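Now for the letters of each chain:
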Amino acid sequence: LAAVLSKNNQNVVCITSKETKDYIQSDSFELLSKNFGNFKIKSDACNILNADLDVLFITTKNQYLKDSLQKIPQEYLKNCIVIPLLNGVAHRDLLTDIYKDSIITGTIGGIEVEKQKNQILHLSHNLKPTIDLATNNTQLDSKLESVSKILQNAGINANIHPEISHVTWGKLVRLDVISSFSAAYDQTVGELRSDELIRNEMKRYIRETIEVASLEGYVTSCKIIMNQI
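Residues numbered from 1 in each chain as written. Predicted model: local features only at pLDDT ≥ 70, side-chain atom pairs only at ≥ 80, totals over all residues. Heavy atoms only, no water.

(A) Looking closely at the overall build of the chain. Tallying secondary structure elements over the chain gives 9 helices and 11 strands in all. Relative to its length of 229 residues, the chain is compact, with a C-alpha radius of gyration of 19 Å against a globular reference of 17 Å. Based on the C-alpha atoms only, the size of the chain along its principal axes is roughly 55 × 40 × 30 Å. Across the chain, contacts joining residues at least 24 apart in sequence account for 66% of those joining residues at least 6 apart. (Helix = DSSP H or I, 4+ residues; strand = E, 2+ residues; numbered from the N terminus. Rg over C-alpha atoms; globule rule 2.2 N^0.38 Å. Contact = heavy atoms within 4.5 Å.)

(B) Focus on the environment of Met202. Along the chain, Met202 turns up in helix α8 (residues 196-214). Distance from Met202 to Lys223, taken between C-alpha atoms, is 11 Å for residues 21 residues apart in sequence. Not counting residues up to four positions away in its chain, the partners in contact with Met202 are Val177, Phe181, Leu192 and Ile229.

(C) Unusual backbone geometry, seen in detail. Of note in this structure, Asp27 is not a glycine but carries a positive phi near 60 degrees. If you trace the backbone, Asp27 turns up in the loop between α2 (18-25) and β2 (30-33). On the basis of relative accessible area, Asp27 is assigned to the partly exposed category, the value being 32%. At Asp186, a residue that is not glycine, the phi angle is positive and equals roughly 55 degrees. (Buried < 20%, exposed > 50% of the residue type's maximum accessible area, 1.4 Å probe, protein only.)

(D) Structural context of the packing of aromatic side chains. Applying the stated criterion to the full structure yields 3 aromatic pairs. Relative to Phe29, the ring of Tyr23 lies with its centre 6.2 Å away and its plane at 10 degrees, an arrangement referred to as stacked. Judged by relative accessible area, Phe29 falls into the buried class, the value being 6%. Centroid distance Phe181 to Tyr205: 5.3 Å. Interplanar angle 85 degrees. Geometry classified as edge-to-face. Here Tyr205 lies in helix α8 and Phe181 lies in helix α6 (residues 164-185), a separation of 24 residues in the sequence. (Phe/Tyr/Trp six-rings, centres within 6.5 Å; stacked < 30°, edge-to-face > 60°.)

(E) Just the sheet that holds strand β3 (residues 37-40), in detail. The 4 strands are arranged β3-β2-β9-β8 in an open sheet whose pairing can be described as mixed. Looking at which strands have only one partner, the edges of the open sheet turn out to be β3 and β8 (113-116). Neighbour to neighbour, the strand axes of the sheet diverge by 15 degrees on average, direction disregarded. Two elements, β2 and strand β9 (residues 119-122), share 3 bridges in a ladder whose sense is parallel. Paired with Glu30 across the bridge in β9 is Gln119. (Pairing = 2+ DSSP bridges. Axes fitted to C-alpha atoms, helices over the stretch in contact; angles between N-to-C directions.)

Structure (structure tokens):
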């Protein structure tokens, strides 16, 4: 995100580890991508935020979330919207307690990347990265539209949904079955999908997950989820 947004003339600050900060500041951190090209990441970087932000993307994994939030003094977020891109729902209450009505629910999909020292390798070049967004706070609608346009101009799909449940469960139903079955059978998605017995078991699992998701108002079908997989 930092790479493609800064390439598109957005003012980006990475709040990151010392190692990554040093790479960025020494002009030796690069993105390698068939979609976006190969180029150095031109952004500011810090270990602890020290300037005002308009938009904060939270892109860490859930197990590092609390430590990461210590790097973000709230005095720099007075007029900022906060967009977590973590999977699942476990982080929701913690972030809402801290950022109140400034939270916009988000997920990112259609992307696989790998970090190797001073390189980000964009591996999923047959897909276009997609960020799904939603908010219950109508006062944030105009800011949400602006963020969506910025992402789209940078070459990232951005979809605004009417309900938060559409965003969280739209990814979670798919990710749940992929993670569970690839772990249980130690097989790739292609191998799982090609085995008729496993594929039928996956469908039963998806239907049960959809029933849980429907309690929060998310409606989909097993066919749609299997087509995505």
